[in-house]
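Summary of structural features
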Amino acid sequence: MAAAACLGLLTVPRPVAPPTYEWAARHIGRGEVVLTADRHAALALAGFGANLVPPGPVAKGHEPDVRACLSPASTRADRAAVVRRHRVRRLLLTRRDRAPGETVVVAWSARTGEVLARVVGPAPAPVTTR
């Protein structure tokens, strides 16, 4: 019976630990603004002192900005407007997101496939017509 009990303990599925974001936090200054579409990442990074432009239920009203910044259909001007409005310095991208051309990859997680990218330079000024 003891052998069966030990075998049972070995075959019990263990829950998968949620990803930690220490790998990203090392590259994010305290108070820097990070934009991500991942709710769990937003909550975790806030714990490291980052300011977030979080998705959906975390901060109602930001969802359109998060989508505008991360959507492949968005233009550089769309992304620049979001970057300026929220003073975004970093993007935390999921596996599904592509790094926009105006970013540089700083770090990535081999475990989750997530990428931390830095927004390069100041956002371009909006074009105004009279």
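A brief report on the enclosed structure follows.

Calculation rules
Every chain is numbered on its own, with residues counted from 1 as its sequence reads. Local features in this predicted model are restricted to residues whose pLDDT is 70 or higher, and side-chain atom pairs enter the listing and the counts only when it is 80 or higher, whereas totals over whole chains, interfaces and linings include all residues. In computing side-chain values, all of the structure's heavy atoms are included and hydrogens and water are not. Only the contacting stretch of a helix is used when fitting its axis, a line to C-alpha atoms as for every element, and angles between N-to-C directions run 0 to 180 degrees. The way it works is that DSSP assigns letters per residue, a run of H or I at least four long becomes a helix, a run of E at least two long becomes a strand, and they are numbered from the N terminus. Throughout this description, any angle smaller than 35 degrees is read as roughly parallel, any larger than 145 degrees as roughly antiparallel, any in the 65 to 115 degree range as roughly perpendicular, and the remainder as oblique. Two helices crossing with the near one rotated counterclockwise from the far one by less than a right angle form a left-handed crossing, whereas a clockwise rotation gives a right-handed crossing. Residues count as neighbours in contact if any of their non-hydrogen atoms are within 4.5 Å of one another. Between any two strands, at least two bridges found by DSSP are needed for them to pair.

Quick look at the packing of helix α4 (residues 63–70) against helix α5 (residues 76–86) now. Two elements in contact, α4 and α5, have axes whose closest approach is 8 Å; the angle formed by their N-to-C orientations is 135 degrees. By the criterion of interaxial angle, the relationship of α4 to α5 is oblique. The element α4 and its partner α5 pack so that their crossing is left-handed. The residues of α5 that touch α4, namely those facing D65, A68 and C69, are D78, R79, V82, R85 and H86.

As a further point, take the sheet that holds strand β1 (residues 33–36). The strands making up a sheet are joined through hydrogen bonds of the backbone, oriented either antiparallel or parallel. If you trace the five strands from one edge of the open sheet to the other, you get β2-β1-β3-β5-β4, paired in mixed fashion. Among the strands making up the open sheet, the edge pair consists of β2 (51–53) and β4 (103–108). Between one strand axis and the next, the sheet turns through 30 degrees on average, direction left out of account. Bridge analysis of strand β3 (residues 88–93) against strand β5 (residues 115–119) gives four bridges, and the strand direction is antiparallel. Each bridged residue has a counterpart across the sheet, and for L92 the counterpart in β5 is L116. Each of β1, β2 and β3 is contacted by α4, which is oriented at about 80 degrees to β1, the strand it contacts most.

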